[in-house]
Amino acid sequence: MSLKTLKTDLAIIGGGPAGMSAAVAAYDAGVRNLLILERDGALGGILQQCIHNGFGLHRFGEELSGPEYAHRYEEMVRQRNIPFKLNTMVLDLTQDRRITATNSEDGVFYVDAGAVILAMGCRERPRGALNTPGTRPAGIYTAGTAQKLVNVKGCMPGRDVVILGSGDIGLIMARRMTLEGARVHAVCELMPYSGGLARNIEQCLHDFDIPLYLSTTVVGIKGRERLESVQIASVDENRRPIPSTIREIPCDTLLLSVGLIPENELTKSAGVPLDRTTQGAVVDQDRMTRVPGIFSCGNVLHVHDLVDYVSDEAAVAGRAAAAYLSGLEPGKEEIEIVPDGLVRYTVPQRLTRREQTRIFFRVGGIYRNVRIVVRDGEREIYSAKKLKVAPGEMESITLSKDVMRTLSGGRLEIGLEETP
Amino acid sequence: MKQYDVAVIGAGVVGAMICRELSRFEVRTVLLERMDDVCMGASRANSSIVHAGFDCEPGTLKARLNVRGSELMERVADELGVPYVRNTSLVVGFSDEDKPKLEYLLDKGIRNGVRGLKLVTSDEARALEPGLSEEVRWALLAPTGAVICPYELTIAAVGNAMDNGVELRTGFEVRTIGKEGDLYTVSSGEDALQAKYVINCAGVYADAVAAMAGAGDFTITPRRGEYMLMDKECGKAVRATVFRTPTAMGKGILVTRTVDGNLLMGPTAENIGDKEDTSTTAQGLEKVFEQARRVLPAVSMRQVITSFAGLRAVGPTGDFIINQPKEGFINCAGIESPGLSSAPAIAEYVLEMLGQSGLALAEKDRYSPRRRPFNWFRNLTPEEKDEVIRKDPAYGRMVCRCEGITEGEIRDALTQNPRPRDLDGVKRRTRAGMGRCQGGFCSPVVIELLAGELGIPYECVTKSGKGSYLMTGRTKGGRRS
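Residues numbered from 1 in each chain as written. Chains lettered and ligands numbered in written order. Predicted model: local features only at pLDDT ≥ 70, side-chain atom pairs only at ≥ 80, totals over all residues. Heavy atoms only, no water.

A. Highlighting the overall build of chain B. The helix and strand inventory of chain B stands at 12 helices and 23 strands. Taken over the C-alpha trace, chain B has a radius of gyration of 22 Å; the compact-globule value for 481 residues is 23 Å, and the two agree within 12%. With the principal axes as the frame, chain B shows a C-alpha extent of 65 × 60 × 45 Å. Counting the 481 residues in chain B, one finds 62% classified as buried. A fraction of 72% describes how many contacts in chain B between residues 6 or more apart in sequence connect residues 24 or more apart. Accessible surface, chain B as shown: approximately 18300 Å² in total, 48% of it carbon and sulfur. (Helix = DSSP H or I, 4+ residues; strand = E, 2+ residues; numbered from the N terminus. Rg over C-alpha atoms; globule rule 2.2 N^0.38 Å. Buried < 20%, exposed > 50% of the residue type's maximum accessible area, 1.4 Å probe, protein only. Contact = heavy atoms within 4.5 Å. Areas by Shrake-Rupley, 256 points an atom, 1.4 Å probe, with all protein chains shown as cover.)

Dropping the structure here:
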């Protein structure tokens, strides 16, 4: 028996904030035959478990919780009758845009799509990836898994908590666990600065008197069945633990917020080239990957700090997919954007048309009183002063159409320079 | 007190294989395990290699049982539905000084009866394995070397034995062994049973168990081995199992592709005092990585998905201790490497001993050596999977996205012998949680399925046995799900 094959103009893999926003934008740009494939039992992705506030300030001008933000987009999807399949796992994607997926109702089936938008989000780095020595007891969770247990399952992962990593989910969970009656003894951050948003440091740690230890890491894990303590130590400038600083903190829980990894297994199976720094696809201003007709947006493209930016970026991809499907020729230029190292990466990484373009980027450290400078060869084509830039906050610049028109060719360099 | 013909102490790979052999016959057999699940010692944390048998000293029990076990393993794996890949072993030397050592190994291998051994040059070795370091000068090639999944093998062997009538008692830690007439009494303090024959397969505790019965005064030293497991992405870096030229402490740090397509690197070799200490160390992991990188320069720390340690049970003689110092009491002790490879042959050997000691071995009318593989669904074609999902929609619900494990497969594992009772038990049977996210996404779902099957509240599910509670209770005002 042959497998069911669906045909659609646009398939969107992932029904989180990126997937929903991309679908809505594509619909509004005229695509009527489209389909969202979502592995979870509901739309909304990770927002479903983010019950704290702070979402939507840019996008809706008000402060929403994660589920409320997701609900706004789900309503837009429903108003437009955009079809979606839940509990549906995409198993494979080919370069010519054939999707293999599975769920309980359709069995194993194919979706042949005119265009595909990748919106699979990201996953957390687990303990194993850190090579922290010690035992392997119960009580060690990634912050996101703990968040799911607390906010969705109504269960407490533990009572005495140490958090390694000061990514945003770790900071949010420090506050959440405290509100649920747990004691958060320390948040340890390997780097000399936090990777989270400044507002989260204030609202989640300072407001609750939770200490943040910078240049500090967990060097040992003790406890046979359940975690009994962790050893922490300061690190030197090469991030090597300093033995004389080791001290032990009794705890039953260690939460890890040590990085997010875009989930690009399908992207790779489709032969889409990735950026080594973002670990997401290399894209142009339309968020089209190097494989024509395959687009990428949201946290699967690069890890964002705010969901509002995810929605914006996904809308760019949605509109561009609509244009692609309507037969509009992709841009023919090839302008590479090269970060100087202080700027770690940019999205997009390449430009194919000379139009007004917003370029997002992150920096590799905390820098004060700097200029963001874009050069076309020797010529400075853009500069803006910044009092402070930090790795936890995504930055962006906009190059006007007029500036874009003056470009000499293939390469733009973006970097940070001291203010004169 | 319940009476048995045979009580096997220890549900590692050796105990499991012996029970499976016994289950062919009309023999009342009980398998005693102190932990809450089978395969909780060295059998779950080792190199997963079925050794060809070239490095054992000729004439030893190790040499004989390794070569025989390696011959038997392919059929055993097939019957039990356990993945087994004959992927070739390579022992590499980095200098011309290593050449005589490799020639010595070659000679031993030939004397042990290992087929197909060959000494090759660096070019020939790199033609087979392009990822090998340029530093490699010589290599010994063993085409009968293979890899297997050691915990799937052990669990499947116990399951198959149970399907054929063997009784498993978990949580039974043997504390005393007495003898009256021709019956041994084996007691945990809370529970006791009697058996005509007792087989000691207690791993690192085999010395203590033998002492309880007055059947041996040897000492077992735990030798810790630390490992790192890499993402499937780099599993393709090597096809064979690559060993360094061996030293007195063992075969050294090897790099191998696992049957599941990951890359496994390890082990260190460190004699320690604590028989429970399976913690990893910073120095150990560093050593594993450095030595592995010397063999395969392309491996990167970024691709590590987990690390772990296992304890080999090292005896005093350098050889396996398989004997019957007292009528009806058989020791299988000091089963360090190549214990996994030898296990099917150890079972054969022990059955012979039992037969010679008077145990009646009458074949059962109804015995099946076969067991449905854990991975039966994973290995179907998309069309076949589609058929299965139509009959049972649970196979269309993906639980572990990294390894592609469905609810149907987890339900299978929850109801198949020997049943898992905790999160790690499900992981070892299904691979749910073994992928690159290490259970971050799937464990909340697996906990739910386990709670349902065990009939316990969600927050009472454990990670790995008693005391390994995953949650400390409900949130404020949270209602039970």
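Having put the structure on the table, let's press on.
B. Representation of the interface of chain A and chain B within the structure. Across the contact, 52 residues belong to chain A and 53 residues belong to chain B. The junction of chain A with chain B conceals about 4300 Å² of combined surface from both sides, 52% of it contributed by carbon and sulfur atoms. One can count six salt bridges joining chain A with chain B. Of the charged contacts in the structure, one is a salt bridge between K153 of chain A and E448 of chain B, with a shortest N-O distance of 2.3 Å. Listed by contribution, the elements that provide at least two residues to the side of chain A that touches chain B are β4 (89-93), β5 (98-103), β6 (107-118), β7 (122-124), α3 (143-151), β9 (155-156) and α6 (265-269) of chain A. (Buried area = accessible area lost by both parts, 1.4 Å probe. Salt bridge = Lys/Arg side-chain N within 4 Å of Asp/Glu carboxyl O.)

C. Local environment of the domain arrangement of chain A. Residue and element names in this part refer to chain A. Here chain A is partitioned into domain 1 (4-123 + 261-330), domain 2 (126-258) and domain 3 (337-418). Taken over C-alpha atoms, the centre of domain 2 sits 34 Å from the centre of domain 3. Contact with domain 2, which involves five residues of that partner, is made by six residues of domain 3. Summing the contributions of domain 2 and of domain 3, the shared interface buries around 410 Å²; its carbon and sulfur component is 57%. When the buried surface of domain 2 facing domain 3 is broken down by residue, Y193, G195 and L197 rank first, second and third, together holding 76% of it. Our enumeration of links across domain 2 and domain 3 arrives at zero salt bridges. Along the contact surface separating domain 2 from domain 3 lie two residue pairs in polar contact (both at pLDDT 80 or more). (Domains from an automatic or database assignment. Polar contact = N/O pair within 3.5 Å; in protein donor to acceptor, adjacent residues only side chain to side chain.)

D. Here's a closer look at the environment of I110 of chain B. Here I110 of chain B lies in helix α3 (residues 98-112). Relative accessible area serves as the criterion here: at 54%, I110 of chain B is assigned to the exposed category.

E. Fine view of the nonpolar core. Core analysis: the biggest nonpolar cluster contains 75 residues, and I18, L153, I199, I322 and C332 of chain B have the highest contact counts within it. Tallying contributions element by element places helix α8 (residues 339-356) of chain B first for this core, with 10 residues. Once residues lying within four places of it in the same chain are set aside, the contact partners of L153 of chain B are V13, M17, M73, V76, L80, V82, I148 and L340 of chain B. The next biggest cluster of nonpolar side chains, apart from the first, holds 41 residues, and it includes A182 of chain A together with I405, L423 and L449 of chain B. (Core = buried A, V, L, I, M, F, W, Y, C linked by side-chain atoms within 4.5 Å.)

F. Region of the structure containing empty space enclosed by the protein. Counting across every chain of the model gives five cavities of 30 Å³ or more. Of the volumes computed, that of the largest cavity is approximately 590 Å³. In terms of lining, the largest cavity is formed by 34 residues, of which the most central are I140 of chain A together with K427, Q438, G439 and K463 of chain B. Those elements that place two or more of their residues in the lining of the largest cavity are β8 (140-142) and α3 of chain A together with β18 (304-314), α11 (423-430) and α12 (443-454) of chain B. Split into classes, the residues belonging to the lining of the largest cavity amount to 14 nonpolar, 15 polar and five charged. (1 Å grid on protein atoms, 1.4 Å probe; cavity = no way out; pocket = protein on both sides within 12 Å on 5 of 7 lines; lining within 4 Å. Points joined across faces, edges and corners; volume = space filled by probe spheres on them. Nonpolar A, V, L, I, M, F, W, Y, C, P; charged D, E, K, R; others polar.)

G. A look at the confidence of the model for chain B. In this model, chain B carries a mean pLDDT of 95, and residues with pLDDT of at least 70 account for 99%. Per the prediction output, this complex has pTM 0.94; the corresponding ipTM is 0.93. (pLDDT = per-residue confidence, 0-100.)

H. A look at the packing of helix α2 (residues 61-80) of chain B against helix α5 (residues 150-163) of chain B. Residues and elements named next belong to chain B. Across the interface, α2 lies against α5 with an axial gap of 10 Å and an inter-helix angle of 65°. With respect to their mutual orientation, α2 and α5 come out roughly perpendicular. In the packing of α2 onto α5, the handedness of the crossing is left-handed. The segment α2 lies against α5, with M73, V76 and L80 engaging L153, A156, A157 and N160. (Axes fitted to C-alpha atoms, helices over the stretch in contact; angles between N-to-C directions. Parallel < 35°, antiparallel > 145°, perpendicular 65-115°, else oblique. Left-handed = near helix turned anticlockwise from the far one by under 90°.)

I. Layout of the sheet that holds strand β4 (residues 84-85) of chain B. All names here are of chain B. An order of β3-β8-β4 is seen for the three strands of this open sheet, with the pairing classed as antiparallel. In this open sheet, the two strands that pair with only one neighbour each are β3 (49-50) and β4. The pairing of β3 with strand β8 (residues 146-148) spans two bridges and is antiparallel. The residue of β8 that forms the bridge with I49 is V147. (Pairing = 2+ DSSP bridges.)

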